[in-house]
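Per-entry structural report
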Protein chains: 2
Amino acid sequence: MTYCVAIKLKSGLVFASDSRTNAGVDQVSCFRKMRSFIDPGNRVIVTLCSGNLSITQNALNLMELQGRHSDRRNIWNVESMFDVAQLLGESLRQVRETDGAFLAQSNVDSGANFLVGGQVGNERIRLFLVYAEGNFIEAGEETPFFQIGETKYGKPILDRVITPTTPIAEAIKCVMVSFDSTMRSNLSVGLPIDLACYESGSLKLGFEHHITAQDPYFSQISRHWGEGLRGLFASLPAPDWLNPSTSQPGS
Amino acid sequence: MTYCVAIKLKSGLVFASDSRTNAGVDQVSCFRKMRSFIDPGNRVIVTLCSGNLSITQNALNLMELQGRHSDRRNIWNVESMFDVAQLLGESLRQVRETDGAFLAQSNVDSGANFLVGGQVGNERIRLFLVYAEGNFIEAGEETPFFQIGETKYGKPILDRVITPTTPIAEAIKCVMVSFDSTMRSNLSVGLPIDLACYESGSLKLGFEHHITAQDPYFSQISRHWGEGLRGLFASLPAPDWLNPSTSQPGS
């Protein structure tokens, strides 16, 4: 399984992905699910992926390859993030067309999703979710984040905290809690976490961090949040519709 | 969608279910998903269901009907909760065998799950999860709760709080938070909530409550929890690996 989240704020973008892939519980590996394509001063593009690893790796390689060896529109010369999402969708379709039928013969799902965001030239920052079918949607004013993979456990805290005006540091903190909740409830999502931030208009990757099990900040957040939740829960009143003998232990 | 949870504690059982069913967003209704079968002093059995409503209703009706009109083993005369789970699984299989193929013709899923728990005579309290195929598993020492339906949003708080020694009032409080989280993230799970508690050895239903939108306790828990989470989140430290200018707003 995978968990990836990308947040579009007024001030910039935040990307995070876990590193665990598994093909059955006896075949768990660690792969980076974040790729960035950077041409400083010109474009910063970050991709996150979930789903079949051979499909997502090949789609990205195919997209990059076309950029190196052709004069056609490619990730390094297109003038908009919309074109980038389109290129990625096309590469994904191409790989699935080539490999999908073979995978299906062994009942292997060739489904895969991407989050792709960044900034190209003077265009505003943009964020897209590319579906397994190669079509895509863009995050709007009212949609400050997208998730792919094991999305449910980490969604409530994002729902409660993230708005377009949330500062980047606050969003990172929220992403940490979101990953902590996800990893606590789903063993197939695991450290290390790759984290990247992009400040709107900078056209360079502002900040990258690789969070391992030894990361003191992540450990602190995880412990503080867990203890805080238990404390908050203990502070809730006991139900008043129980008889006194049953309601006392919970008060 | 549906959300049901049943908890097996040393001191007794807690059952809770929402009431929303939907066949597309334009066809949302309110149905009770909790049924109890009580013969005071002899047996208390509570069922919760998720999935296709016609299938679950008919499976329960079939099981009850067999009890009224036959001398065969039925829900009122079997000597163990294991037999009850088996009866329910058999009824479910029978209804799916009759209706499943017709539903499949219209691409309607005939899948359905049950939680069934209670106490029969001098046997200990027991809790079972009946799968759509009619097979079932029992909650053991290390599995204090089962969920069916939209299970993910409400699972983290149960994971953090519930152990076999949790008092019933504490478990009810936790169930309220679990439902609040689920309803906040999935619109297709909705009030009212049916809640029932059974105290081990009592052989009578200890407590039943129907929680509507006007319930002051549920509103209080929901508000207190939401505000508390925001407060707890605000108290978390900002990431220390950001440069000072970006990290200040979150601290």
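As the structure is a prediction and not an experimental result, all values here were calculated from the model. (Residues numbered from 1 in each chain as written. Chains lettered and ligands numbered in written order. Predicted model: local features only at pLDDT ≥ 70, side-chain atom pairs only at ≥ 80, totals over all residues. Heavy atoms only, no water.)

Attention now moves to the interface of chain A and chain B. Taken together, the contacts link 50 residues of chain A with 50 residues of chain B. Overall, the association of chain A and chain B removes approximately 4,900 Å² of surface from exposure, summing both partners, and the carbon and sulfur fraction of that is 69%. Contact with chain B buries surface across chain A, with Arg-160, Phe-233 and Trp-241 of chain A losing the most and accounting together for 20% of the total. Applying the counting criterion to the chain A and chain B interface returns 4 salt bridges. The partner of Lys-152 of chain B in a salt bridge is Glu-150 of chain A, and the shortest N-O contact between them spans 2.9 Å. Put simply, chain A and chain B have 11 residue pairs in polar contact (both at pLDDT 80 or more) between them. Secondary-structure elements contributing two or more residues to the side of chain A that touches chain B are helix H3 (155–161), helix H4 (168–185), strand E11 (193–199), strand E12 (207–211), helix H5 (216–235) and helix H6 (244–247) of chain A. Counting residues per element, the side of chain A that touches chain B draws most heavily on H5 of chain A, at 12 residues. (Contact = heavy atoms within 4.5 Å. Buried area = accessible area lost by both parts, 1.4 Å probe. Salt bridge = Lys/Arg side-chain N within 4 Å of Asp/Glu carboxyl O. Polar contact = N/O pair within 3.5 Å; in protein donor to acceptor, adjacent residues only side chain to side chain. Helix = DSSP H or I, 4+ residues; strand = E, 2+ residues; numbered from the N terminus.)

Let us now look at the nonpolar core. Of all hydrophobic cores here, the largest spans 70 residues; its most connected members are Ile-7, Val-14 and Leu-195 of chain A together with Ile-7, Val-14 and Leu-195 of chain B. Not counting the four nearest positions on each side in its chain, Leu-195 of chain B is found in contact with Trp-241 of chain A together with Val-14, Phe-15, Ala-16, Met-34, Ile-172, Val-175, Met-176, Phe-207, Glu-208, His-209 and Ile-211 of chain B. (Core = buried A, V, L, I, M, F, W, Y, C linked by side-chain atoms within 4.5 Å. Buried < 20%, exposed > 50% of the residue type's maximum accessible area, 1.4 Å probe, protein only.)

Here we take up unusual backbone geometry. All names here are of chain A. That bond from Leu-191 to Pro-192 is cis: its omega, -5 degrees, falls within 30 degrees of zero. Summarising the element assignment, Pro-192 is placed in the loop between H4 and E11. Here the phi dihedral of Asn-107 falls at roughly 55 degrees; this positive angle occurs in a residue that is not glycine. Note on Asn-107: relative accessible area 74%, which makes it exposed.

All names here are of chain A. With respect to the helices, strands and loops of the structure, Glu-170 is situated in helix H4. Residue classification places Glu-170 among the buried positions, given a relative accessible area of 17%. Once the C-alpha coordinates of Glu-170 and His-210 are considered, the two residues, 40 residues apart in sequence, prove to be 18 Å apart.

Residues and elements named next belong to chain A. Per-residue pLDDT for chain A has a mean of 89; in total, 91% of the residues score no lower than 70. Scored below 50 in pLDDT, residues 244–251 shows 14 contacts in the model against residues more than four places distant or in partner chains. Here the predicted complex scores 0.86 on pTM and 0.85 on ipTM. (pLDDT = per-residue confidence, 0-100.)

This brings us to the side chain of Arg-43 of chain B. Residues and elements named next belong to chain B. One can find Arg-43 in strand E6 (residues 43–51). For the buried residue Arg-43, which engages in no salt bridge, the nearest side chain bearing the opposite charge is Asp-39, 4.8 Å off. Of the polar contacts made by the side chain of Arg-43, one reaches the backbone oxygen of Ile-75; its length is 2.9 Å. Engagement of the side chain of Arg-43 in a polar contact is seen with the backbone oxygen of Val-78, the distance being 2.7 Å. (Lys, Arg positive; Asp, Glu negative; His and termini not counted.)

All names here are of chain A. Under the defined criterion, the tally for this structure stands at 8 aromatic pairs over all chains. Measuring from ring centre to ring centre gives 4.7 Å for Tyr-3 and Phe-179, while their planes differ by 45 degrees; the resulting arrangement is tilted. Of this pair, Tyr-3 sits in strand E1 (residues 3–8) while Phe-179 sits in helix H4, placing them 176 residues apart in sequence. Like Tyr-3, the residue Phe-179 is buried in the burial classification. (Phe/Tyr/Trp six-rings, centres within 6.5 Å; stacked < 30°, edge-to-face > 60°.)

A separate point is the domain arrangement of chain A. Residues and elements named next belong to chain A. We note that the domain assignment places domain 1 (3–213) and domain 2 (215–251) within chain A. A separation of 35 Å is found between the C-alpha centroids of domain 1 and domain 2. The interface of domain 1 with domain 2 comprises 14 residues on the first partner and 7 residues on the second. Where domain 1 abuts domain 2, roughly 860 Å² becomes buried across the two surfaces, and 65% of that area is made up of carbon and sulfur atoms. Of all residues in domain 1, Met-176, Val-177 and Asp-180 bury the most surface against domain 2, accounting for 47% of the area lost on that side. Scanning the region where domain 1 abuts domain 2 turns up 0 salt bridges. Our count for the contact surface shared by domain 1 and domain 2 stands at 3 residue pairs in polar contact (both at pLDDT 80 or more). Among the secondary structure elements, those contributing two or more residues to the side of domain 1 that touches domain 2 are H4 and E12. Residue contributions to the side of domain 1 that touches domain 2 peak at 7 residues, all from H4. (Domains from an automatic or database assignment.)

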